[in-house]
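Now for the letters of each chain:
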Amino acid sequence: MKSLSTTSTQTLIGYGLAALAAIGFSAKTILVKLAYVQAVDAVTLLALRMAFSVPFFLIVAFQQRGPAARPSLTARDYWVVGVLGLLGYYLSSLLDFTGLQYISAGLERLILFLYPTLVLAMSALWLKKPFGFRELTAVLLSYSGIALVFVGELDGGGDTLWLGAAYVFAGTVSYALYLLGAGQAIARLGAMRFTAYAMLVACAASILQFVLTHPPEALLLPMPVYQLSLAMAIVSTVLPVFMLSAAIRRIGSGHASLVGTIGPVSTLLMAAVFLGEPMTLWQVGGAALVLMGVLSLSMR
């Protein structure tokens, strides 16, 4: 009985962590849109977010190293961590930040939420996993939902809407590729160690890009930009990244993704409250279809 109770408690903790992570990641979209009011570009904003995150990940990485760390990292482990860090946390974030300059927070989050269907398609193509009627239904529902929201925003978006959507979708593809490899890496290296190392790779890449493309004067920004970047680092990067990794360890990536369905809904609500974005019937209907598609992958 004690073992069963402990397992149940760990499962509940896992679901709670996954929910908090989804809300934290969703808040990033709102913070980015608020920062863009101050006329800052995507590269600078991403570099500030990562720079504020570095101390936290360095502390965790230092705690996870040494003789007590098992298993020891091989050359292949370093290569895997580097590639996944660049795909999942650098390239995906850069493309997402760029796309947010052109589209609404609600549409951005819905496009990002297509990643489960992309993982499904990639798994079928490369890992030869089954792709049946339920999987096809999920894909059709999800992409129909995006199309519905997209049509609803066509009048006010024009060419920039297509450009922004393309950037965000490319970021979603990058994140899906990361997820394909992250599960095995986390199982081998541990959630905390893998996440800290992968994030440090992404932080280094983001800061290096800023140094190579911007003069030092680009850091002369209004104080709200730094405040929002710090909030992004803590609320929407450090905490949710570790919470999601810990949730995956407790309940698995499938269930963690299922809980993540609250992400688009929370973004729509926060966008209406903090950004004044109207919550249209197009958005509500599209969000419902996307959520139904993702839920159909996990619910019987």
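You'll find the structure just up there.
This write-up is about the structure you can find in this document.

About the thresholds
Throughout this description, residue numbers start from 1 for each chain and increase along the sequence as written. Whole-chain, interface and lining totals are the exception, using all residues; otherwise, since this is a predicted model, local features are given only for residues with pLDDT of at least 70 and side-chain atom pairs are given and counted only at 80 or more. Computation of side-chain values: all heavy atoms of the structure, hydrogens and water removed. The numbering of helices and of strands both runs from the N terminus, where a helix is a DSSP run of H or I of at least 4 residues and a strand a run of E of at least 2. Burial classes: relative accessible area under 20% of the type maximum marks a residue as buried, over 50% as exposed, and values in between as partly exposed (1.4 Å probe, protein chains only). Fitting a line to C-alpha atoms yields each axis, with helices limited to the stretch in contact; the angle taken between N-to-C directions then spans 0 to 180 degrees. Crossing chirality is assigned from the near helix's rotation relative to the far helix, an anticlockwise turn below a right angle marking it left-handed and a clockwise turn marking it right-handed. In this analysis, two residues are considered to be in contact whenever any of their non-hydrogen atoms come within 4.5 Å of each other. In this classification, the charged set is Asp, Glu, Lys and Arg, the nonpolar set is Ala, Val, Leu, Ile, Met, Phe, Trp, Tyr, Cys and Pro, and all remaining amino acids, among them Gly, are polar. Counting of polar contacts relies on pairs of N or O atoms within 3.5 Å, with two restrictions inside protein: one atom must be capable of donating a hydrogen and the other of accepting it, and residues adjacent in sequence are counted only when both atoms are side-chain atoms. When a carboxyl oxygen of Asp or Glu lies within 4 Å of a side-chain nitrogen of Lys or Arg, that pair is called a salt bridge. What we call a nonpolar core is a set of buried Ala, Val, Leu, Ile, Met, Phe, Trp, Tyr and Cys residues that are connected through their side-chain atoms within 4.5 Å. Each patch groups residues whose relative accessible area exceeds 30% and which form no salt bridge, using 9 Å between like charges and 5 Å between nonpolar side chains of Val, Leu, Ile, Met, Phe, Trp and Tyr. Calculation of accessible area relied on Shrake-Rupley with a 1.4 Å probe; when residues are assessed, cover is drawn exclusively from the protein chains displayed. Two rings belonging to Phe, Tyr or Trp (six-membered ring only in the last case) form a pair when the distance between their centres is within 6.5 Å. Interplanar angles under 30 degrees mark stacking, angles over 60 mark edge-to-face geometry, and anything in between is tilted.

**Remarks on the overall build of the protein**
Helix and strand counts for the protein stand at 11 helices and zero strands. When the elements of the protein are put in sequence order from the N terminus, they spell out α-α-α-α-α-α-α-α-α-α-α. Principal axes of the C-alpha set define a box for the protein whose edges measure 60 × 55 × 35 Å. The burial tally for the protein puts 50% of its 300 residues in the buried class.

**Regarding the packing of helix α4 (residues 105-112) against helix α7 (residues 159-189)**
Packing of α4 against α7 leaves a shortest axis separation of 9 Å and a crossing angle of 35 degrees. Here α4 and α7 pass one another in a crossing that is right-handed. Here Leu 107, Glu 108, Ile 111 and Leu 112 of α4 come into contact with α7, specifically with Leu 161, Ala 165, Val 168, Phe 169 and Thr 172. Across the contact of α4 with α7, the residue classes break down as seven nonpolar, one polar and one charged.

**Some remarks on the side chain of Ser 206**
Here Ser 206 is to be found in helix α8 (residues 191-213). Side-chain polar atoms of Ser 206 contact the backbone oxygen of Ala 202, separated by 2.9 Å. Aside from chain neighbours lying at most four places away, what touches Ser 206 is Leu 46, Ala 47, Met 50 and Tyr 90.

**Concerning the side chain of Thr 44**
Its location among the elements puts Thr 44 in helix α2 (residues 42-63). Note on Thr 44: relative accessible area 2%, which makes it buried.

**As for the environment of Ile 30**
Looking at the element boundaries, Ile 30 is found in helix α1 (residues 2-36). You can call Ile 30 buried: its relative accessible area is 4%. In the structure, Ile 30 is positioned 74 residues away from Ser 104 in sequence and 9.7 Å away in space, judged by C-alpha atoms. For Ile 30, the residues in contact, after removing those within four places along its chain, are Ala 105, Thr 267, Met 270, Ala 271, Phe 274 and Leu 275.

**Observations concerning the pattern of salt bridges**
Applying the stated criterion to the full structure yields four salt bridges. A salt bridge links Glu 108 to Lys 28; the nearest nitrogen and oxygen atoms lie 3.5 Å apart. One end of the pair, Glu 108, is in helix α4; the other, Lys 28, is in helix α1, with 80 residues separating them in the sequence. Each member of the pair, Glu 108 together with Lys 28, is buried. Arg 109 is the partner of Glu 108 in a salt bridge, and the nearest nitrogen-oxygen pair spans 3.8 Å. Here the residues in one salt-bridge network are Lys 28, Asp 96, Glu 108 and Arg 109, joined through shared partners.

**Quick notes on the nonpolar core**
Within the largest apolar cluster, 78 residues are counted, with the highest numbers of intra-cluster contacts made by Tyr 36, Leu 45, Phe 97 and Phe 194. By size, the runner-up hydrophobic cluster in this structure holds five residues, among which are Ala 27, Ile 30, Met 270 and Ala 271.

**Quick word on a nonpolar patch on the surface**
Residues Phe 56, Leu 230, Ile 234, Val 235 and Leu 239 make up a contiguous nonpolar surface patch of roughly 380 Å² in combined accessible area. It is helix α9 (residues 223-259) that contributes the most residues to the nonpolar patch, four residues altogether. With respect to the helices and strands, the residue Phe 56 is situated in helix α2. What makes Phe 56 partly exposed here is its relative accessible area of 34%.

**Side note on the packing of aromatic side chains**
Applying the stated criterion across every chain yields a total of six aromatic pairs. Measuring from ring centre to ring centre gives 6.5 Å for Tyr 102 and Tyr 167, while their planes differ by 15 degrees; the resulting arrangement is stacked. Here the residue Tyr 102 occupies a position in the loop between α3 (75-99) and α4, and Tyr 167 occupies one in helix α7, the gap between them amounting to 65 residues. What makes Tyr 102 partly exposed here is its relative accessible area of 33%. Taking the relative accessible area as the measure of exposure, Tyr 167 reaches 29% and is therefore partly exposed.

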